[in-house]
Amino acid sequence: AQSVAQPEDQVNVAEGNPLTVKCTYSVSGNPYLFWYVQYPNRGLQFLLKYITGDNLVKGSYGFEAEFNKSQTSFHLKKPSALVSDSALYFCAVEDHNFNKFYFGSGTKLNVKP
Amino acid sequence: GAGVSQSPSNKVTEKGKDVELRCDPISGHTALYWYRQRLGQGLEFLIYFQGNSAPDKSGLPSDRFSAERTGESVSTLTIQRTQQEDSAVYLCASSLALSADTQYFGPGTRLTVL
């Protein structure tokens, strides 16, 4: 079955440290990959996406993600975390051959001062 | 409008009643999506609309769920004979194009079935 996995329900990091939020997927073909963020009491917002090309994509607020085809992963990273990055992060995969969209269960990022 | 809007923001209903949820996409967006988000879980894709194409209904959880869209404007998601397991936040999103495009999400409708 097609699926997206975010193995960590919660990630805790100290402000200024690098952060990684993991995502792996099991979707056939060459899917398109996305990260969205949900701040408290706000709707989901787009962060970045991988469609084709360079495996390292850069997005909003200093976030980046690396596509690894062999490991079917699309981990979200940031070199230096901010307290304001604390939010719920969702990895999403588009199976464009069948126009289906799959989201992970979300990872809560806590950045402590 | 500036973004995707949904109404109502909250809906409490009794088991067995029908409910209708509304989504107003961003003007000019041809694609519109409905998702369900149960408490503590990820988004479950329900259905999308693209232009005048017939929607793929295979993602709808049961035949109690239906959705319509008039042209490239408002969409409604209807749940008939609601059950307690239908309780969730229902999210709508729209995008300029169907594929490889950023989806802009509305604030959601929180449905509680008593």
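None of these values were measured; they are calculated from a predicted model.

Some remarks on the pairing of strand S5 (residues 32-38) of chain A
All names here are of chain A.
Item 1. In terms of burial, S5 is a largely internal element, seven of the seven residues being buried.
Item 2. In this structure, S5 lies alongside strand S6 (residues 44-50), joined through six bridges in antiparallel fashion. Bridged to Leu33 within S6 is Tyr50.
Item 3. Connecting S5 to the next strand, S6, in antiparallel fashion are five residues, including Asn41 with a positive phi near 60°.

With respect to unusual backbone geometry
Item 1. Geometrically, the link from Ser7 of chain B to Pro8 of chain B is a cis peptide bond, its omega value of -10° lying close to zero.
Item 2. Within the secondary structure, Pro8 of chain B sits in the loop between strand S1 (5-7) and strand S2 (10-13).
Item 3. A positive phi is found at Asn99 of chain A, a non-glycine position, where the angle reads about 50°.
Item 4. Mapping Asn99 of chain A onto the fold places it in the loop between strand S10 (87-95) and strand S11 (100-103).
Item 5. Asn99 of chain A gets classed as buried once you look at its relative accessible area, which sits at 18%.
Item 6. The phi torsion at Arg81 of chain B lies on the positive side, around 45°, for a residue other than glycine.
Item 7. Looking at where Arg81 of chain B falls in the secondary structure, it is placed in the loop between strand S7 (75-79) and strand S8 (88-95).

Comments concerning the sheet that holds S7 of chain B
Where strands meet in a sheet, backbone hydrogen bonds hold them as pairs that are either parallel or antiparallel.
Residue and element names in this part refer to chain B.
Item 1. The strand order S1-S3-S7-S6 describes an open sheet built from four strands, whose pairing is antiparallel. Whereas interior strands pair on both sides, the edge strands pair on one side only; in this sheet they are S1 and strand S6 (65-69). Adjacent strand axes in the sheet meet at a mean angle of 15° when their direction is disregarded.
Item 2. As paired elements, S6 and S7 share five bridges and run antiparallel to each other. Across the sheet, the residue bridging to Arg69 is Ser75, located in S7.

Topic: the state of the cysteines
Item 1. The full count for this structure, using the stated rule, is two disulfides over all chains.
Item 2. Disulfide pairing is shown between Cys23 of chain A and Cys91 of chain A; the S-S distance is 2.0 Å. Its torsion about the S-S bond being -65°, the disulfide of Cys23 of chain A and Cys91 of chain A is classed as left-handed. In this pair, Cys23 of chain A is assigned in the loop between strand S3 (19-21) and strand S4 (24-26) and Cys91 of chain A in strand S10, connecting sequence segments 68 residues apart. With respect to class, Cys23 of chain A is no different from Cys91 of chain A; both count as buried.
Item 3. Sulfur-sulfur distance for the disulfide between Cys23 of chain B and Cys92 of chain B comes to 1.8 Å. A torsion of -65° about the S-S bond marks the disulfide between Cys23 of chain B and Cys92 of chain B as left-handed. Taken together, the positions of Cys23 of chain B in strand S3 (residues 19-24) and Cys92 of chain B in strand S8 put the pair 69 residues apart, joining distant regions of the chain.

Looking at the interface of chain B and chain A
Item 1. Taken residue by residue, the interface counts 21 residues in chain B and 19 residues in chain A.
Item 2. Roughly 1,500 Å² of surface becomes buried between chain B and chain A when both sides are summed, with 55% attributable to carbon and sulfur atoms.
Item 3. The tally of links between chain B and chain A comes to one salt bridge.
Item 4. The salt bridge partner of Lys100 of chain A is Asp56 of chain B, with a shortest N-O separation of 2.9 Å.

Let's talk about the packing of aromatic side chains
Item 1. Tallying each qualifying case throughout the model produces 15 aromatic pairs over all chains.
Item 2. Look at Phe101 of chain A and Phe45 of chain B: their rings are 5.2 Å apart centre to centre, the planes differ by 65°, and that puts the pair in the edge-to-face class. Linking Phe101 of chain A in strand S11 with Phe45 of chain B in strand S5 (residues 43-50), this pair reaches from one chain into another.
Item 3. By relative accessible area, which is 10% here, Phe45 of chain B ends up buried.

Topic: the side chain of Thr13 of chain B
All names here are of chain B.
Item 1. Tracing the backbone shows Thr13 in strand S2.
Item 2. Classification of Thr13 by relative accessible area gives buried; the value is 8%.
Item 3. Beyond its immediate stretch of four places on either side in the chain, Thr13 contacts Val19, Thr82, Leu111, Thr112, Val113 and Leu114.

Considering the environment of Lys112 of chain A
Residue and element names in this part refer to chain A.
Item 1. Its place among the elements puts Lys112 in strand S12 (residues 107-112).
Item 2. With relative accessibility at 49%, the residue Lys112 sits in the partly exposed group.
Item 3. Placed 29 residues apart in sequence, Lys112 and Val83 show a C-alpha to C-alpha distance of 6.0 Å.
Item 4. Dropping the residues within four chain positions of it, Lys112 is found in contact with Val13, Ala14, Glu15 and Val83.

The rules behind these values
- Residues numbered from 1 in each chain as written.
- Chains lettered and ligands numbered in written order.
- Predicted model: local features only at pLDDT ≥ 70, side-chain atom pairs only at ≥ 80, totals over all residues.
- Heavy atoms only, no water.
- Buried < 20%, exposed > 50% of the residue type's maximum accessible area, 1.4 Å probe, protein only.
- Helix = DSSP H or I, 4+ residues; strand = E, 2+ residues; numbered from the N terminus.
- Pairing = 2+ DSSP bridges.
- Axes fitted to C-alpha atoms, helices over the stretch in contact; angles between N-to-C directions.
- Disulfide = S-S within 2.5 Å.
- Contact = heavy atoms within 4.5 Å.
- Buried area = accessible area lost by both parts, 1.4 Å probe.
- Salt bridge = Lys/Arg side-chain N within 4 Å of Asp/Glu carboxyl O.
- Phe/Tyr/Trp six-rings, centres within 6.5 Å; stacked < 30°, edge-to-face > 60°.

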